[in-house]
Amino acid sequence: MLSREAPSRASFILAGHGDKVKISTIGSRAWLVEAPGEFDLPAQRRIWSLAALLAARDDVESLIPGVTNLLVLFRQTPVNYESTLALLKGLWEQAQAVNPRGKLIEIPVIYGGEHATDLDAVCQHTGLTAAEVIRRHSQGSYTVFALGSAPGFAYLHGLDPTLATPRKKVPSLNMLKGTVTIGGAQAGVSALTGPNGWNAIGFAELTVFDPWAEQPALMAPGDSVRFLAERIEL
């Protein structure tokens, strides 16, 4: 168990609704709640519900939703770890899957071409032709699970499982912002130009993050995304 005198990372597995949630401490004020099960939409919807319950509490400083997890930062170090654990467990059991009414974002994509530097690697991994990879990717319906990694970068759920391709062992050093990518079971659009370990299959002429805009990030958790095949260069 976690020592109150010397806080460190500790993990607890708790039962709830017939499944198991993992709750870990990170430092003295931060607690990480990880949904059980697979990387799926029901788990993420329940994370959003938990965040809404915690947002009403005065002792919570900030909430950072991740991909099927939630980082809870308390304003002060909890005096009693057992009661805090019981609080998070109880709220998880109360949390019911919610479906935020996000906006629909349609992204025209140039598939293939000079910026699709990893399309061949995706084809080799999946055993599909480039045309079929593009068809399946563009026909998907995606949901923004969380923002992270870079300002405005959205982790997208909804990728056809047959397209799942591991991230590269050696990242690209200068991938352009707007590059359409696959990383494992997720899809994405690079928010900044720079190093990137995801697999590039196309390019979209859009700004994912504008620090001067009223809403800097184009996408938000709960939004829906569709990729439109504007042009295919094979």
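Above this text sits the structure in question.
Summarised in this report is the structure supplied together with it. Predicted model, so just to flag it, every value in this text is computed and none were measured.

To continue, consider the side chain of N196. Tracing the sequence through the fold places N196 in strand β12 (residues 194–196). A polar atom in the side chain of N196 sits 2.8 Å from the backbone nitrogen of W198. Apart from residues lying up to four places away in sequence, N196 is in contact with K168, P171, S172, M175 and S190.

This paragraph deals with the packing of helix α1 (residues 41–55) against helix α2 (residues 81–94). One way to put it is that α1 packs onto α2 with a least axis distance of 9 Å and a crossing angle of 125°. The angle between α1 and α2 falls in the class oblique. For α1 against α2, the interelement crossing comes out right-handed. Here α1 contributes R46, I47, L50, L53 and L54 to the contact with α2, which in turn contributes L88, L91, W92, E93 and Q94. Class assignment for the residues of the contact of α1 with α2 results in seven nonpolar, one polar and two charged.

Let us now look at the packing of aromatic side chains. In total, this model carries seven aromatic pairs according to the counting rule given. Consider the rings of F153 and W198, whose centres lie 5.2 Å apart with planes at 90°: the pair is edge-to-face. Of this pair, F153 sits in the loop between β7 (142–147) and β8 (154–157) while W198 sits in the loop between β12 and β13 (199–203), and the two are 45 residues apart along the sequence. Grouping residues by exposure puts F153 and W198 together as buried. Through a chain of ring-to-ring contacts, three or more aromatic side chains come together here, namely F39, W48 and F145.

Considering the arrangement of structural elements, one finds W48 in helix α1. Linking W48 and F145, residues 97 residues apart in sequence, is a C-alpha distance of 9.3 Å. Beyond its immediate stretch of four places on either side in the chain, W48 contacts V98, P100, T143, V144, F145, P221 and G222.

Here we come to the layout of surface pockets. For the largest pocket, the calculated volume is near 210 Å³. What lines the largest pocket is a set of 13 residues, and nearest its centre among them are S149, A150, F153, P195 and N196. Ranked by residue count, the leading element in the lining of the largest pocket is β12, at three residues. Within the lining of the largest pocket, the residues separate by chemical class into seven nonpolar, five polar and one charged.

Reading the values: the criteria
- Residues numbered from 1 in each chain as written.
- Predicted model: local features only at pLDDT ≥ 70, side-chain atom pairs only at ≥ 80, totals over all residues.
- Heavy atoms only, no water.
- Helix = DSSP H or I, 4+ residues; strand = E, 2+ residues; numbered from the N terminus.
- Polar contact = N/O pair within 3.5 Å; in protein donor to acceptor, adjacent residues only side chain to side chain.
- Contact = heavy atoms within 4.5 Å.
- Axes fitted to C-alpha atoms, helices over the stretch in contact; angles between N-to-C directions.
- Parallel < 35°, antiparallel > 145°, perpendicular 65-115°, else oblique.
- Left-handed = near helix turned anticlockwise from the far one by under 90°.
- Nonpolar A, V, L, I, M, F, W, Y, C, P; charged D, E, K, R; others polar.
- Phe/Tyr/Trp six-rings, centres within 6.5 Å; stacked < 30°, edge-to-face > 60°.
- Buried < 20%, exposed > 50% of the residue type's maximum accessible area, 1.4 Å probe, protein only.
- 1 Å grid on protein atoms, 1.4 Å probe; cavity = no way out; pocket = protein on both sides within 12 Å on 5 of 7 lines; lining within 4 Å.
- Points joined across faces, edges and corners; volume = space filled by probe spheres on them.

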